[in-house]
Amino acid sequence: GAVVSQHPSRVICKSGTSVKIECRSLDFQATTMFWYRQFPKKSLMLMATSNEGSKATYEQGVEKDKFLINHASLTLSTLTVTSAHPEDSSFYICSARKGQGPLEQYFGPGTRLTVT
Amino acid sequence: QKEVEQNSGPLSVPEGAIASLNCTYSDRGSQSFFWYRQYSGKSPELIMSIYSNGDKEDGRFTAQLNKASQYVSLLIRDSQPSDSATYLCAVTPASGGSYIPTFGRGTSLIVHP
């Protein structure tokens with residue numbers, strides 16, 4: 001199989017605080033991980049692509065200093081939302097891909113962030 | 001700009017019928033195509049991948065790819081109410097280093113009893 005986990009599944013934080021979301025590939029090594037954000041009833045929006053051991057590549061309009069991504073190992077990537085604000089409230093989903101090339105990506109269950 | 005187009009729907013079909021979902025893409029050189037299912041409030045789940053022209057069947061699902069016409073479709077036979085979800089089409093370019101897929105906006109499918 002290809003299982004991707006995310007933690008936490010749901011988090012509520014106060015405005016101005018930082019939140020870290022972990023994404024793990026449980027049964028395969030993921031050379032590439034993707035972070036998406038999805039607002040209610042909207043389509044997936046790619047935030048950034050990260051490859052193990054290198055800096056993440058952010059999509060246009062995504063602030064790299066606000067959304068810190070670390071792909072420290074072949075099974076773990078983290079997204080830290082720094083100084084969160086209510087408008088950052090969203091559904092954050094990671095996905096992981098085995099190896100290189102145009103292969104399938106497997107999604108984690110998502111993290112629902114609410115900033116109060 | 002690479003685009004992936006899907007009819008947002010909703011597509012409503014009766015239980016037991018065949019649901020046909022379509023997707024067109026703009027990048028003629030695309031080489032990998034995926035269908036994901038997303039239930040409300042959940043993350044996407046991979047259903048099918050297809051890489052070459054023709055049909056690929058997996059259970060009740062059949063993916064069809066026509067690169068000349070730049071479309072890919074998903075057929076769901078014997079549709080069940082549990083198939084009610086949003087179906088996302090994803091297309092990966094032929095080149096570009098990270099092979100970042102482009103997702104369509106999704107088609108909402110409703111299977112009514």
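What you see is a predicted model; the values in this text were computed from it and never measured. The numbers attached to residues start from 1 for each chain and follow its sequence in the written order. Whichever chain is written first becomes A and whichever ligand is written first becomes 1, with later ones labelled in order. Restriction of local features to residues with pLDDT of at least 70 applies here, the model being predicted, together with a cutoff of 80 or more for giving and counting side-chain atom pairs; totals for whole chains, interfaces and linings are based on all residues. The side-chain numbers reported here are obtained from all heavy atoms of the structure, hydrogens and water having been left aside.

Participant: What should I look at first to understand the sheet that holds strand β8 (residues 71–76) of chain B in this one?
Facilitator: Note on sheets: strands pair through backbone hydrogen bonds, and any given pair is parallel or antiparallel. Residue and element names in this part refer to chain B. Taken together, 5 strands build an open sheet; the order of strands is β1-β3-β8-β7-β6 and the sheet is antiparallel. Two strands close off the open sheet at either side, each with one partner strand: β1 (4–5) and β6 (54–58). Two strands qualify as a pair provided DSSP detects at least 2 bridges between them. We count a stretch as a helix when DSSP gives it H or I for four or more residues in a row; a strand needs E for two or more, and each element gets its number in order from the N terminus. With 5 bridges joining them, β6 and strand β7 (residues 61–66) adopt antiparallel strand pairing. Within β7, the position partnered with D58 by the bridge is F61.

Participant: Where do I start with the nonpolar core in this structure?
Facilitator: One broad rule of soluble globular proteins: the nonpolar side chains tend to lie buried together. Residues grouped as a nonpolar core are buried Ala, Val, Leu, Ile, Met, Phe, Trp, Tyr and Cys residues, joined through side-chain atoms within 4.5 Å. Classification of residues uses two cut-offs on accessible area relative to the type maximum, computed with a 1.4 Å probe and protein chains only: under 20% is buried, over 50% is exposed, and between them is partly exposed. By size, the foremost hydrophobic cluster in this structure holds 24 residues, and its most contacted members are W35, F67, L79, Y92 and L113 of chain A. Of all the secondary structure elements, the ones that give two or more residues to this core are β2 (10–13), β3 (19–25), β4 (30–38), β5 (45–51), β7 (67–73), β8 (76–81), β9 (90–98) and β11 (111–115) of chain A. In this structure, V13, I50, A85 and C89 of chain B belong to the second largest nonpolar core, which totals 23 residues.

Participant: Quick question: what am I supposed to make of the pairing of strand β11 (residues 107–112) of chain B here?
Facilitator: Each regular strand displays side chains that alternate between the two surfaces of the sheet. Residue and element names in this part refer to chain B. Only one face of β11 is buried, namely the one carrying T107, L109 and V111, since none of S108, I110 and H112 on the opposite face is buried. Sheet analysis places strand β2 (residues 11–14) next to β11, joined by 4 bridges and oriented parallel. Across the sheet, residue L11 finds its bridge partner in β11, namely L109. In the sheet, strand β9 (residues 85–92) pairs with β11 via 3 bridges, with the strands oriented antiparallel. Looking at β11, one finds that T86 is bridged to S108.

Participant: In this structure, what is going on with the pairing of strand β1 (residues 4–7) of chain A? I would like to understand it.
Facilitator: Residue and element names in this part refer to chain A. Covered by surrounding structure in β1 are V4 and Q6 only, the residues S5 and H7 on the alternate face being uncovered. Bridge count for β1 against β3 is 4 bridges, and the pairing is antiparallel. When the bridges of β3 are listed, H7 appears paired with E22.

Participant: Where do I start with unusual backbone geometry in this structure?
Facilitator: Leave glycine aside and you will find that most residues have negative phi; peptide bonds, for their part, are mostly trans. Following H7 of chain A, the chain continues to P8 of chain A via a peptide bond in cis, the omega torsion being 0°. Following the sequence through the fold, P8 of chain A ends up in the loop between β1 and β2. In this model, G9 of chain B is joined to P10 of chain B through a cis peptide bond whose omega is 10°. Positionally, P10 of chain B belongs in the loop between β1 and β2. With a phi angle near 60°, K41 of chain A is a residue other than glycine that sits in the positive phi range.

It is worth stressing that arrangement in space is one thing and function is another; only the former is reported here.
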